[in-house]
Amino acid sequence: MAADLTCPTNVLESALQQLDDAAALVDLHPDVHAKLRKPRRTLTVSIPTRMDDGRLEVFTGIRVQHNMDRGPCKGGMRYHPCVTVDEVTALAMWMTWKCAVVNIPYGGGKGGVICEPMQMSERELENMTRRFASELVEIIGPEQDIPAPDVNTDERVMGWLMDTYSMQKGYSVPAVVTGKPIAIGGSLGRAKATGRGIVFVTREALRTRGIPVEGARVVVQGFGKVGGAFAELVEELGAKVIAVSDVTGGLFNANGLPIGELSAYTKQNRFIEGFEGGEPITNEELLTLECEVLVPAALENVLTVANAPHVSAKLVVEGANGPTTPEAGRILIDRGIFLVPDILANAGGVTVSYFEWCQGLQMLFWTEEEVNRRLEDVMVRAYHEVHGRSCDLQTDMRNAAMAVAVERVAEAIMARGIYP
Ligand code: NAD
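Residues numbered from 1 in each chain as written. Predicted model: local features only at pLDDT ≥ 70, side-chain atom pairs only at ≥ 80, totals over all residues. Heavy atoms only, no water.

Glancing now at the overall build of the protein chain. Scanning the protein chain for helices and strands turns up 14 helices and 12 strands. Taken against the 2.2 N^0.38 rule, which gives 22 Å for 420 residues, the C-alpha radius of gyration of the protein chain at 20 Å falls within 12% of a compact globule. Summarising its shape, the C-alpha atoms of the protein chain cover approximately 55 × 55 × 40 Å along the three principal directions. In the protein chain, buried positions account for 60% of the 420 residues. Taking as baseline every contact in the protein chain between residues at least 6 positions apart, the subset at least 24 positions apart corresponds to 68%. Working note: accessible area of the protein chain is about 16900 Å², and carbon and sulfur atoms make up 50% of it. Across the protein chain, the mean location of the 40 positive side-chain charges is 5 Å away from that of the 54 negative side-chain charges. (Helix = DSSP H or I, 4+ residues; strand = E, 2+ residues; numbered from the N terminus. Rg over C-alpha atoms; globule rule 2.2 N^0.38 Å. Buried < 20%, exposed > 50% of the residue type's maximum accessible area, 1.4 Å probe, protein only. Contact = heavy atoms within 4.5 Å. Areas by Shrake-Rupley, 256 points an atom, 1.4 Å probe, with all protein chains shown as cover. Lys, Arg positive; Asp, Glu negative; His and termini not counted. Charge placed at Lys NZ, Arg CZ, Asp CG, Glu CD.)

In structure tokens:
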């Protein structure tokens, strides 16, 4: 577990640098640029929580709303000891670009609580979540800000959030969160949507590069909601997942790991540690394995100037948010590695969250096939819009995705003007 305590730094600097680069590329109006460099609203709250031993622990919770010009803020809630205002701000900013790049009518938000959820009981997590939700009631809601799961939060946490908000309002408000249980208005297909979306863009990127999907060697860091679902679904497409890792370390098998068995094992044992289907490797070794596709799907800033020169993948598809520092990104691109940026690659989750919100507002629910078909349409269209833009601008995929996103947000800001 020690690896988990190495907190990423300078994530906000990375996010601002990406915005500044995009601003230069699309000749962004300086007023719009200035507005987008700052979040619209940052709320920090204390969360007094009764622990199982009777103690009162006071956690800190954060919600950042970066931009609302294209629609309500949308973004996950993260429970992690490394949560900071800067990190949440960067993540909220990335949500603004992500929603714009797949062209769904949302702005960006993000939240988090500084805590160690692995060491908390279910009751403690529920107490903390409900108190946090009641502190957020004034600023969240289907028309203003819609939380979703992120690192260490899941549909159970979304259920508590939805229930607390609904209790305060006096009636059920399913559309206040997404990623909630199906029984209270969750969408079919949401649980695997981010991983499925990464599979669609990986397939398109492999085609663009003329690499067959069948037999492609895939390496995945992080075996949680995103990495786990991606690994399962990419295997179904005929690729070979040769290595995966989580916070306890990694596993390698040149012939391909049995992902179905590994998923069943982690459902029972939480972590991949102890699974006997491959050789143990470290997270650091995993990142430099020779493969066609590397998918960092754990935390930020794992690809750095130190390891980027040694990455031996043909494609890096960013499953996590911000897994590559700006300098590392430049090294990878200069080395001819095709990088599919996070705001495009992992946008499948927010896309199906949008579908869930639409279904909740209409009280009309779709089949899983319909959800997956619409997701594929959105992801494939977004991939080709960004790829087309990268060809037109003769730039890499991150710059191109940022150009598409920032222009869409800028258009909305210009159309609305500055209040008052
Ligand atoms: P999760 O908590 O379900 O899984 C995280 C995984 O990363 C776990 O397997 C964990 O053990 C592993 N991990 C944690 N620290 C690690 C370390 N230091 N080294 C190696 N592995 C480590 O979280 P998730 O929802 O899968 O999110 C993963 C990433 O994807 C995050 O960056 C998140 O912001 C991003 N993301 C999530 C979604 C979503 O729908 N859940 C959508 C878009 C982006």
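Applying the stated criterion to the full structure yields 30 salt bridges. Across the pair glutamate 290 and arginine 217 runs a salt bridge whose closest N-O atoms are separated by 3.8 Å. Residue glutamate 290 is found in the loop between helix H9 (283-287) and strand E10 (291-296), and its partner arginine 217 is found in strand E6 (residues 217-221); the two are separated by 73 residues along the sequence. Exposure remark for glutamate 290: the relative accessible area of 55% places this residue in the exposed category. (Salt bridge = Lys/Arg side-chain N within 4 Å of Asp/Glu carboxyl O.)

Below, the discussion takes up the nonpolar core. Trp97, Val244 and Val317 are the most contacted members of the largest nonpolar core, which totals 86 residues. For this core, the element with the most residues is helix H14 (residues 397-416), which contributes 11 residues. Composition of this core by domain shows at least three residues from each of domain 1 (33-183) and domain 2 (193-345). Residues within four places of valine 244 in sequence aside, it is in contact with Val220, Phe223, Gly249, Gly250, Leu251, Leu257, Ile259, Leu262, Ile272 and Leu286. By size, the runner-up hydrophobic cluster in this structure holds 26 residues, among which are Ile47, Met77, Met120 and Met162. (Core = buried A, V, L, I, M, F, W, Y, C linked by side-chain atoms within 4.5 Å. Domains from an automatic or database assignment.)

A word on the state of the cysteines. With the rule as written, the count across this model stands at one disulfide. Each disulfide pairs two cysteine sulfurs, and for cysteine 7 the partner residue is cysteine 82, the sulfurs being separated by 1.9 Å. The sign of the S-S torsion, about -75 degrees, decides the handedness of the disulfide formed by cysteine 7 and cysteine 82: left-handed. Of the two residues, cysteine 7 is situated in the segment before helix H1 (11-26) and cysteine 82 in the loop between strand E3 (73-80) and helix H3 (85-101); the sequence distance between them amounts to 75 residues. (Disulfide = S-S within 2.5 Å.)

Glancing now at the site of the ligand. Taken together, 25 residues lie around the ligand, and Arg78, Asp150, Thr194, Val226 and Asn321 are the ones closest in. In this structure, valine 226 approaches the ligand through a main-chain N or O atom, which is 2.9 Å from an oxygen atom. Within the backbone of alanine 298, one N or O atom sits 3.2 Å away from an oxygen atom of the ligand. Bound to the protein, the ligand loses 89% of the 820 Å² it would expose on its own. Per-class residue counts for the shell around the ligand are nine nonpolar, nine polar and seven charged. A domain split of the shell around the ligand shows at least three residues from each of domain 1 (33-183) and domain 2 (193-345). (Near = heavy atom within 4 Å. Polar contact = N/O pair within 3.5 Å; in protein donor to acceptor, adjacent residues only side chain to side chain. Nonpolar A, V, L, I, M, F, W, Y, C, P; charged D, E, K, R; others polar.)

Here helix H7 (residues 225-236) crosses helix H8 (residues 259-269) at 160 degrees, and the two axes come no closer than 9 Å. Here H7 lies roughly antiparallel to H8, going by the angle between them. In this structure, the crossing between H7 and H8 has a hand that is left-handed. Along the contact surface, H7 presents Ala231, Glu232 and Glu235, while H8 presents Ile259, Gly260 and Ser263. A per-class count over the contact of H7 with H8 returns two nonpolar, two polar and two charged. (Axes fitted to C-alpha atoms, helices over the stretch in contact; angles between N-to-C directions. Parallel < 35°, antiparallel > 145°, perpendicular 65-115°, else oblique. Left-handed = near helix turned anticlockwise from the far one by under 90°.)

Let's shift gears to the domain arrangement of the protein chain. Partitioning the protein chain into domains gives domain 1 (33-183) and domain 2 (193-345). Spacing between the C-alpha centres of domain 1 and domain 2 amounts to 27 Å. Opposite the 15 residues of domain 1 that make contact, domain 2 presents 10 residues. In this assembly, domain 1 packs against domain 2 so that about 1000 Å² is buried in total across both faces, 59% of it on carbon and sulfur atoms. Counting across the interface, domain 1 meets domain 2 through one salt bridge. Arginine 78 is the salt-bridge partner of glutamate 300, the closest N and O atoms lying 2.5 Å from each other. Counting every contact that joins domain 1 to domain 2 gives four residue pairs in polar contact (both at pLDDT 80 or more). Elements supplying a minimum of two residues to the side of domain 1 that touches domain 2: E3 and H3. In terms of residues, the side of domain 1 that touches domain 2 owes the most to one element, H3, which gives six residues. Classifying every residue of the side of domain 1 that touches domain 2 gives seven nonpolar, three polar and five charged. (Buried area = accessible area lost by both parts, 1.4 Å probe.)

Reading across from one edge, E9-E8-E7-E6-E10-E11-E12 is the order of the seven strands in this open sheet, with mixed pairing throughout. Across the chains shown, the open sheet's two edge strands, defined by having one partner strand only, are strand E9 (279-281) and strand E12 (338-340). Strand-to-strand, the axes of this sheet are offset by a mean angle of 20 degrees, without reference to chain direction. In terms of strand pairing, strand E8 (residues 249-252) meets E9 through three bridges, oriented antiparallel. For glycine 250, the partnering residue across the bridge sits in E9 and is isoleucine 281. Against the sheet, helix H6 (residues 193-208) touches E10, strand E11 (313-317) and E12, its axis set at about 145 degrees to E11. (Pairing = 2+ DSSP bridges.)

With that out of the way, let us pick up the packing of aromatic side chains. For any pair of aromatic rings, the description rests on two quantities: the centre-to-centre distance and the angle between the ring planes. According to the stated counting rule, one finds six aromatic pairs in the structure shown. Pairing tyrosine 106 with tyrosine 354 gives two aromatic rings, centres 5.7 Å apart and planes at 90 degrees, and the pair type is edge-to-face. You can see tyrosine 106 sitting in the loop between H3 and strand E4 (107-114) and its partner tyrosine 354 sitting in helix H12 (residues 348-362), a full 248 residues away along the chain. Taking 5.4 Å as the distance between ring centres and 65 degrees as the angle between the ring planes, the aromatic pair formed by tyrosine 265 and phenylalanine 275 counts as edge-to-face. On the criterion of sequence distance, the pair formed by tyrosine 265 in helix H8 and phenylalanine 275 in the loop between H8 and E9 is long-range, its members being 10 residues apart. Classification of tyrosine 265 by relative accessible area gives partly exposed; the value is 22%. (Phe/Tyr/Trp six-rings, centres within 6.5 Å; stacked < 30°, edge-to-face > 60°.)

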